[in-house]
Structures are given as C-alpha cells and as structure tokens.
Amino acid sequence: MKDFLNITVFNSLKSDIKELSKFVGKKGINLPMWLGETSSAYGGGSPGLSDRYVAGFLWLDKLGIVAAMNENYQVIVRQTFYHGHYALIGQDLKPNPDFWISVLYKRLVSGNVIRLRSIRESEDAHALRLYGHCSKYRNSITLFGINLSEKLNSFKIHNPEQNSFEIDEVHHYILSPSDGDLTSRNIKLNGNILEIMGYDTLPKLD
C-alpha cells in the first residue's frame, strides 16, 4: 500500500520521460510516441491493490504527467483491459475503479495541455498533484488531480492576466472509495457508487 501512495514512486515516471526525451533529442528523432503496456504494477499487478481504488492515484497521475511533459506522446496503452490484477475489467466482468477514471478522462479531457505553475505554501502541498487541459467542451478547461495526503488540501487559481478569462461555472467530479477504504473495489462519483446498468449501459456521470 505504501508504494501506491509514495510521492517518490510517482515522480520516477518523470525521470524516465526526461531520459527518453534526452535520448531521442540527441538522435534528432521527432516522431509520435506511445507509452505501451502500462499500469500500476508489473507482473499482472498487485493483488488487492491494482484493481482497487488506491491504484487510481497512479493511473490518473500517469495520464497527467505524460501529457504535461512531452507533447510527442500521443497514445498511452493500458495494460490490461481484461485479465490480471491490473485489469480495467475484473474476472466477474464488472469494471474496476481505473475503468471509471478512464471513462471520465476520455469524456472530459482534450489533447491540448495547459501548463500549470504551482506555488506551494506547505509541506502537504507536495501531495497535491494537479494537471490542466482544455476540455472537450467549448470554452472550458478541465483541472484534474489527486491528493496523496491524509490531510485536506486546497488550491487557488491565480491568473496573472486578470482579464483573459472568467470562471462562470464549475462542475465537480469527486471520486472517492466506498466506505473510505482505499482498497475498496467500489468507487463513488460525488457520493454515488458507479456501476454498469443492465448488461452494457454506462450510468450518467453528472
């Protein structure tokens, strides 16, 4: 469990991306890149963790980091859709928490990255990891992220160009584990457990 919440583990991906970017830069390679067969843990995943709520921190953060650090990355290949402890779909064919994170991400986030600069005022602020993109909806942005601290974290949006935009409306998509248990396989969206309706219908993600 501690590895799934360790900031050092989260930051290791940044080092890998920097090293690869340096290598392809020296070789003069400027091609679309894929991050292949990636998840939260190798070798089929970690039982009782890779298919639970806590794994979503690594998955969502990975989506944010890759887009923010290198615009050449165009595809992230999730390992796996079905089979293994890190699958998006369990052996019972019910979605695991990472499935719902992926659906929300695909619905809300476009490929246009917004560069965020964070000014951290406390030690716990390092546990707050935020990313920004233009939304798939017109004239809107999507901020997403995670709080790895057990304490409540908050942030303020500061725009140096005061007249460049105004915030008229905010939509919150708060994902939390069932009963507050990080090893829960059930994930809630704004307090409601997410589950497939009938055989194949996604619920409203309001």
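Residues numbered from 1 in each chain as written. Predicted model: local features only at pLDDT ≥ 70, side-chain atom pairs only at ≥ 80, totals over all residues. Heavy atoms only, no water.

## So, the overall build of the protein chain
Part 1: The number of helices and strands found in the protein chain is three helices and eight strands.
Part 2: Going residue by residue from the N terminus, the α and β elements of the protein chain occur as α-β-α-β-α-β-β-β-β-β-β.
Part 3: Computed over its C-alpha atoms, the radius of gyration of the protein chain comes to 18 Å, within 12% of the 17 Å expected for a compact globule of 206 residues.
Part 4: Taken over 206 residues, the protein chain has a buried fraction of 37%.
Part 5: Taking as baseline every contact in the protein chain between residues at least 6 positions apart, the subset at least 24 positions apart corresponds to 61%.
Part 6: A total accessible area of about 13800 Å² is found for the protein chain, and carbon and sulfur atoms account for 52% of it.
Part 7: Charge centroids of the protein chain, computed over 23 positive and 22 negative side chains, lie 5 Å from each other. (Helix = DSSP H or I, 4+ residues; strand = E, 2+ residues; numbered from the N terminus. Rg over C-alpha atoms; globule rule 2.2 N^0.38 Å. Buried < 20%, exposed > 50% of the residue type's maximum accessible area, 1.4 Å probe, protein only. Contact = heavy atoms within 4.5 Å. Areas by Shrake-Rupley, 256 points an atom, 1.4 Å probe, with all protein chains shown as cover. Lys, Arg positive; Asp, Glu negative; His and termini not counted. Charge placed at Lys NZ, Arg CZ, Asp CG, Glu CD.)

## Re the side chain of Lys62
Part 1: As for its position among the elements, Lys62 is in helix H2 (residues 55-69).
Part 2: Buried Lys62, no salt bridge; nearest opposite-charge side chain is Asp16, N-O distance 8.5 Å.
Part 3: Polar side-chain contacts of Lys62 include one of 2.7 Å to the backbone oxygen of Ser39.
Part 4: Apart from residues lying up to four places away in sequence, Lys62 is in contact with Leu13, Leu35, Thr38, Ser39 and Ile76. (Salt bridge = Lys/Arg side-chain N within 4 Å of Asp/Glu carboxyl O. Polar contact = N/O pair within 3.5 Å; in protein donor to acceptor, adjacent residues only side chain to side chain.)

## Things to note about the confidence of the model for the protein chain
Part 1: When pLDDT is averaged along the protein chain, the result is 91; 99% of the residues meet or exceed 70.
Part 2: Ranking the elements of the protein chain by mean pLDDT puts strand E1 (residues 33-38) last with 91 and strand E7 (residues 187-189) first with 98. (pLDDT = per-residue confidence, 0-100.)

## With respect to the packing of helix H1 (residues 7-26) against H2
Part 1: Close contact between H1 and H2 brings their axes to 10 Å; oriented N to C, the two are set at 30 degrees. When the interaxial angle is binned, H1 and H2 end up roughly parallel. In terms of crossing hand, the pair formed by H1 and H2 is right-handed. Together, Val9, Phe10, Leu13, Lys14, Ile17 and Lys18 of H1 and Phe57, Leu58, Asp61, Lys62, Ile65, Val66 and Met69 of H2 make up the contact between the two elements.
Part 2: Grouping the amino acids of the contact of H1 with H2 by side-chain chemistry returns nine nonpolar, no polar and four charged. (Axes fitted to C-alpha atoms, helices over the stretch in contact; angles between N-to-C directions. Parallel < 35°, antiparallel > 145°, perpendicular 65-115°, else oblique. Left-handed = near helix turned anticlockwise from the far one by under 90°. Nonpolar A, V, L, I, M, F, W, Y, C, P; charged D, E, K, R; others polar.)

## A look at helix H3 (residues 97-108)
Part 1: Between its first and last C-alpha atoms H3 spans 17 Å; for twelve residues at 1.5 Å apiece the expected length is 16 Å, and the two agree.
Part 2: Of all the twelve residues making up H3, ten are buried; the element is thus mostly covered by neighbouring parts of the structure. (Expected span 1.5 Å × (residues − 1).)

## Focus on the pairing of strand E5 (residues 141-147)
Part 1: With burial as the criterion, only one face of E5 is covered, namely that bearing Thr142, Phe144 and Ile146; the residues Ile141, Leu143, Gly145 and Asn147 on the opposite face remain uncovered.
Part 2: The hairpin turn running from strand E4 (residues 128-135) into E5, its antiparallel successor, is five residues long, and Asn139 in that turn takes a positive phi close to 55 degrees. (Pairing = 2+ DSSP bridges.)

## Here's the deal with the packing of H2 against H3
Part 1: One way to put it is that H2 packs onto H3 with a least axis distance of 9 Å and a crossing angle of 30 degrees. As far as their axial angle goes, H3 and H2 are roughly parallel. Taken as a pair, H2 and H3 cross one another with a handedness that is right-handed. Here H2 contributes Ala55, Gly56, Trp59, Leu60 and Leu63 to the contact with H3, which in turn contributes Asp98, Ile101, Ser102 and Tyr105.

## Structural notes on the packing of aromatic side chains
Part 1: Summed over all chains, the structure comprises four aromatic pairs.
Part 2: Ring centres of Tyr53 and Phe57 lie 5.6 Å apart, and the angle between their planes is 80 degrees; on these two criteria the pair is classed as edge-to-face. Of the two residues examined, Tyr53 and Phe57, each falls in the buried class.
Part 3: Both rings, one in Tyr105 and one in Phe144, keep their centres 5.6 Å apart while their planes meet at 85 degrees; by these two values the pair is edge-to-face. With Tyr105 in helix H3 and Phe144 in strand E5, this pair connects stretches of sequence that are 39 residues apart.
Part 4: The class of Tyr105 is buried, set by a relative accessible area of 16%. (Phe/Tyr/Trp six-rings, centres within 6.5 Å; stacked < 30°, edge-to-face > 60°.)

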